[in-house]
Amino acid sequence: MAFSIPRVAAIHDLSGFGRNSLSVVIPILSTMGAQAVALPTAVLSTHTGGFEGYAFEDLTVFMRKAIDHWTKLDIRFQCIYSGFLGSPAQVELVFCLIDRQRSNQPLVVVDPVLADDGKLYDTMDMDMVSEMRLLIRHAGVITPNLTEAALLLGESYRQDIEEESLKEWLVRLSDMGPETVVVTSAPLSRKGRDTSVVAYDRQSGHFWRVPCVYIPANYPGTGDVFTSVLTGSLLQGDSLPVALDRSVQFVTQAIRASYGFDYPRRDGVLLERVLNSLNGPVLLGSYEWLD
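Note that the coordinates shown come from a computational prediction; the quantities given were computed from them, not determined experimentally. Every chain is numbered on its own, with residues counted from 1 as its sequence reads. With the structure being a predicted model, the display of local features is reserved for residues of pLDDT at least 70 and the display and counting of side-chain atom pairs for 80 or more, all residues being used for whole-chain, interface and lining totals. Side-chain metrics in this entry use all non-hydrogen atoms of the structure; hydrogen atoms and water are not considered.

Trainee: Any chance you could explain unusual backbone geometry here in plain terms?
Mentor: The bulk of non-glycine residues show a negative phi, and the bulk of peptide bonds are trans. Within the chain, Ser 21 stands out as a residue other than glycine whose phi angle is a positive 50°. With respect to the helices, strands and loops of the structure, Ser 21 is situated in the loop between strand S2 (14-17) and helix H1 (22-31). Only protein chains enter the accessibility calculation, which uses a 1.4 Å probe; a residue is then buried when its area is under 20% of its type maximum, exposed when over 50%, and partly exposed in between. Take Ser 21: its relative accessible area is 3%, and that puts it in the buried class. We note that Asp 74 has phi near 55°; this positive angle belongs to a residue other than glycine. Helix and strand definitions here come from DSSP, where helices need a minimum of 4 consecutive H or I residues and strands a minimum of 2 consecutive E residues; each element is numbered from the N-terminal end.

See the structure below:
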């Protein structure tokens, strides 16, 4: 059965307040022409970045029931996209869904949400790191930040990593399973505090880089925004460098649209102000071939 609208199993948490995870994944994928089918891994009163005392409900039992129900209904997915997992046990459930959808040959995108700035998130531990190493074996695309890339490889976090060393990391991560590795927050910059997104495509053997202009503000959820646009772009048939370029441009636009307003940055970027731009003309030109 052919589908004109790609269907995505979106395996992320649902935070009641704050723009991250499913609250950004669903509108971005929908705007980009994909049907987002939510498989929540946990329900939180707020996201975990900047809030204390948040309520957290693990949904491992529900996930198993939902996957079984989808199997009975023969619901088929063209993409499986996972992000924040509520417990190490949930990795097995993601495996289960991938295995049951194998005949559909879905694009499997894994955002290995574990850590940032050299530190594990509050809800993560080394057991989750070990399980995430197993999960990425089944992915076609992974999008770790630099800290997560180091954890997955068992390396020390190096904020000043050189280009050749980072390329080696990308190849080693790809050797673990995924054909495409995208690392965000990479310090490959020619201008002070600017960063880069760097990617490796095993099939072509090419490395790509998209520079990210530094803006002095930090908003939770931008990683979810980035990977969601990347996923939507790939499902639209864009090449990897074009998908990278679109994702970086959109995140930068969202941060710029938010930065001038006086509100708590822990609320996330003002996605509502820029969402419609995903349907506008694609303006490219910032990606570079690193080879």
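Trainee: I tried to follow the sheet that holds strand S5 (residues 56-58) on my own but got confused; where do I start?
Mentor: Strands pair in a sheet through their backbones, by hydrogen bonds, and they do so in one of two ways: parallel or antiparallel. Here the rule is simple: two strands pair whenever DSSP picks up at least two bridges between them. Read across the sheet, three strands follow the order S2-S4-S5 without closing on themselves; strand pairing throughout is mixed. Only two strands of the sheet have a single partner each, and these edge strands are S2 and S5. If you compare each strand with its neighbour and ignore which way they point, the axes differ by 10° on average. To define axes, lines are fitted to C-alpha atoms, for helices over the stretch in contact only, and angles between the resulting N-to-C directions are given on a 0 to 180 degree scale.

Trainee: Hey, could you run me through the state of the cysteines in this one?
Mentor: One way to say it: the disulfide is the covalent bond shared by the sulfur atoms of two cysteines. Two cysteine sulfurs form what is called a disulfide whenever their separation falls within 2.5 Å. Applying the stated criterion across every chain, the model contains zero disulfides. Of all cysteine sulfurs, the one in Cys 79 lies closest to Cys 96, which takes part in no disulfide; the gap is 17 Å. We classify Cys 96 as partly exposed; its relative accessible area is 23%.

Trainee: Honestly, a nonpolar patch on the surface in this entry has me stumped. Any pointers?
Mentor: A cluster of nonpolar side chains, namely Val 282, Leu 284 and Tyr 287, defines an oily patch on the protein surface of about 240 Å² accessible area. In this structure, Val 282 sits in the loop between helix H9 (271-274) and strand S14 (288-289). For Val 282, a relative accessible area of 43% translates into the label partly exposed. For patches, a residue must show more than 30% relative accessible area and have no salt bridge; joins then use 9 Å for like charges and 5 Å for nonpolar side chains, namely Val, Leu, Ile, Met, Phe, Trp and Tyr. Residue-level accessible areas treat just the shown protein chains as cover; the underlying method is Shrake-Rupley with a 1.4 Å probe. What makes a salt bridge here is a side-chain nitrogen of Lys or Arg within 4 Å of a carboxyl oxygen of Asp or Glu, nothing more.

Purely geometric stuff here, so don't read any function into it on its own.
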